[in-house]
Amino acid sequence: MQNQYSENNNHFNQTNYQWNNQTGGNGPSRDSNKNTKYYVLGLFTGILASLSVMFMVMGAMKFYRIIDSAKNANSIEKQAQTESITNTGVEKKLGILEDTIEKHFWKEVDTTSLENGLYRGLLSSLDDPYSVYYTSEELVALQQQTQGIYYGIGAYIEQDLETGYVRISKIIKNTPAEESDLMEDDYIYQINGEDMQGKDRTYVVSKIKGEEGTTVVITVIREGASEPLDITVERRKIESPTVEYEMLEDGTAYIQITEFDLVTTGQFEAAYNEAIADGMKGLIIDLRGNPGGNLSTVCDIARMILPKGLIVYTEDKYGKREEYTCKGDNEIKVPLVVMTNGYSASASEILAGAVKDYGIGKLVGTTTYGKGIVQKVIKLSDGSAIKLTVSSYFTPKGNNIHEIGIEPDVEVKFDAQLYEKGTDNQLEKAKEVLAGMK
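Just so you know, these numbers come straight off a predicted model, no measurement behind them.

Here is what the cut-offs are and how they apply
- Residues numbered from 1 in each chain as written.
- Predicted model: local features only at pLDDT ≥ 70, side-chain atom pairs only at ≥ 80, totals over all residues.
- Heavy atoms only, no water.
- Pairing = 2+ DSSP bridges.
- Helix = DSSP H or I, 4+ residues; strand = E, 2+ residues; numbered from the N terminus.
- Contact = heavy atoms within 4.5 Å.
- Axes fitted to C-alpha atoms, helices over the stretch in contact; angles between N-to-C directions.
- Buried < 20%, exposed > 50% of the residue type's maximum accessible area, 1.4 Å probe, protein only.

Caption draft 1: Fine view of the sheet that holds strand 18 (residues 362–365). Strands sit in the order 12-13-14-17-18-21 across an open sheet of 6 strands; the sheet is mixed. Of all the strands in the sheet, just strand 12 (243–247) and strand 21 (410–411) have a single pairing partner and so form its edges. Bridge analysis of strand 18 against strand 21 gives 2 bridges, and the strand direction is parallel. Its bridge partner being in strand 21, V364 is matched across the sheet by V410. Helix 9 (residues 264–277) contacts strand 12, strand 13 (252–257) and strand 14 (282–286) of the sheet and is inclined by roughly 5° relative to strand 12.

Written as structure tokens, this is what we have:
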């Protein structure tokens, strides 16, 4: 599960630029001259390991679980060797393509780049925007993302599947991103001159991050700007604030969760306990713009408020089911409202879906994103990894929300003009609904 993703993780405004029509996250554009060589090689190598790897992705479904066992990695690699469906014709054509590139391509090509292009092409051939290949460096970036501590610029980014680019969805306070000229809703066009069209968010993150004190040039496309803007930002240590708490009027506690990282459980628990100590009479949990994150994290948070029973369950293509449950020892005793929008995805939808199915609260806002599938990260022995979509998940009542989303109990569209004047109309509606439940 992935999907607000800080350099750790969707409103598209049409600009004056022509966007590629491919679905974002599927890897480099197949029509792009820049990536053709990698894709062609990857396409013919793509069959090499896809089936064998996918047969090995059973087991506990953690959305960002890393398989550290060398035994598992070696097993996958051995199976790829023994069950390969490549033949001499494919191998011969790969050799011809490599020789042709070496002889005719207009500049020198790094061998490592060619190899990584093959692997990326393999995963791209699955036609799944969430199944990707990570180099060892990119895997480190992913691991840092799930922890919530990293060296970067302090901005949340989200994938836009229509454009194939990522968008800056939020800028963290007191960070280099806030000190720079970056703005929310900027689309990241290039990083240090490299085109980011069709790149997975984790790949984009790996390019933004770097050693503390170094700088990165981020080229953005901004609505109203006549051309892309180059913005230089310094990298620093960032501790992601994934939870914000505020006690509103009439004993209404407001807790916003921006994503579900490993640090989020503790942050939410601290905020929730503080709200109780402050005399909470009702709770609003704001999941707007939250793209998801760790399955373990959202389940831990759900166990702080849900009654006894299922939180969520997953099923793979063989029908194998895995259930995540709650003992119900901490069921919430005050009225609850959960706020959602079209960018509340994945883990956010697990929490929202469970609240709605159990009827312990009301959903206010707009229909969620509709990402009802689970990804698993499998680490290989050379330090690289692949992330594969391995199963679907279902709400406690068995609802499949993939590409459907979860409809709110009270629908209210976000009013940007009111927000610019200082009024969050969706939050005001949430407070109104909560007041009626007290």
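Caption draft 2: Geometry of the pairing of strand 15 (residues 309–315). Judged by how many residues are buried, strand 15 sits mostly within the fold: 5 of 7 residues are covered. Here 6 bridges tie strand 15 to strand 16 (residues 321–326), and the two strands are oriented antiparallel to one another. Looking at strand 16, one finds that Y313 is bridged to E323. The turn joining strand 15 and strand 16, which pair antiparallel and follow one another in sequence, is formed by 5 residues; a positive phi near 85° is taken by G319. Direction of pairing for strand 15 relative to strand 20 (residues 385–394): antiparallel, over a ladder of 3 bridges. Its bridge partner being in strand 20, E315 is matched across the sheet by S392.

Caption draft 3: Looking closely at the environment of L434. Residue position: L434 is located in helix 13 (residues 425–437). The spacing of L434 and P335 is 99 residues in sequence and 6.5 Å in space, taken between C-alpha atoms. For L434, the contacting residues outside a window of four places in its chain are T252, G282, L283, I284, P335, L336 and V337.

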